[in-house]
Amino acid sequence: MDLKEGSLSLEPLDNILASIPDAGDCDLIPILQKIQEAYGYLPPSVLAATSDRTGIAASRIYGVATFYEQFYLEPHGRHTIKCCRGTACHVKSGRDIIRAISRALGVQEGETTDDMRFTFETVACLGTCFLAPVMMVNDDYYGHLAPNKVKDILERYD
Ligand code: FES
């Protein structure tokens, strides 16, 4: 599928909407989940078409899409790295982990690698301060991390 905005096929969207007859407001989250599954993110042109085809207001669609962290409005990598920048991690040199990730991938916080392999995010706390410093790749936790381990860990993800 061509992922250039503006030239995206609406066929996946039509298939999604065909599977949810009379889609309305209360179907919005499952619809957005399926769109993201099909396109890898929520492209604006597809959201506009969703509004046209279902009659759900675009403002409502964007309200939901921006409220939930699970939704991405920009192309997202196949794997998501979340590195903690919270206090417990910070005092255990968490900043060095963040730098090591940036160095290994050639991207800054909030960016996606050109090959769409990783999106690199930082978060205020991963809720596992006892593992500080810690990062997650998708659903995997890597705790008591050292900067020199980062590259090897990331190589496990295609
Ligand atoms: S501060 Fe890093 S996991 Fe809580």
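Residues numbered from 1 in each chain as written. Predicted model: local features only at pLDDT ≥ 70, side-chain atom pairs only at ≥ 80, totals over all residues.

It is worth spelling out the sheet that holds strand S1 (residues 79-84) at this point. Here four strands make up an open sheet; going across it, the order is S2-S1-S3-S4 and the pairing mixed. In the strand order of this sheet, the two ends are held by strand S2 (118-123) and strand S4 (140-142), each with one partner. Direction aside, the axes of adjacent strands within the sheet are offset by 20° on average. Of the pairings in the sheet, the one linking strand S3 (residues 135-137) to S4 comprises three bridges and is antiparallel in character. In the strand pairing of S4, Met-136 is matched with Tyr-141. Against the sheet, helix H6 (residues 94-105) engages S1, S2 and S3, with an angle of about 155° to S1. (Pairing = 2+ DSSP bridges. Helix = DSSP H or I, 4+ residues; strand = E, 2+ residues; numbered from the N terminus. Axes fitted to C-alpha atoms, helices over the stretch in contact; angles between N-to-C directions. Contact = placed C-beta atoms within 7 Å.)

This brings us to the nonpolar core. Counting 18 residues, the largest nonpolar core has Ile-81, Cys-83, Cys-84, Ile-97, Ile-101, Val-134 and Met-135 as the members making the most contacts within it. Only S1, H6, S2 and helix H7 (147-154) provide two or more residues apiece to this core. Of all the elements, H6 adds the most residues to this core, at five residues. The residues touching Ile-97, leaving out its near neighbours within four places in the chain, are Cys-83, Pro-133, Met-135, Leu-145, Pro-147 and Val-150. (Core = buried A, V, L, I, M, F, W, Y, C linked by C-beta atoms within 7 Å. Buried ≥ 20, exposed ≤ 12 C-beta atoms within 10 Å, placed from the backbone.)

Once that is clear, we can look at the environment of Ser-51. With respect to the helices and strands, the residue Ser-51 is situated in helix H3 (residues 44-54). With 16 C-beta atoms packed within 10 Å, Ser-51 lands in the partly exposed category. The spacing of Ser-51 and Ile-61 is ten residues in sequence and 7.5 Å in space, taken between C-alpha atoms. Once residues within four sequence positions are removed from consideration, Ser-51 is found in contact with Ile-56, Ala-57, Ala-58 and Ile-61.

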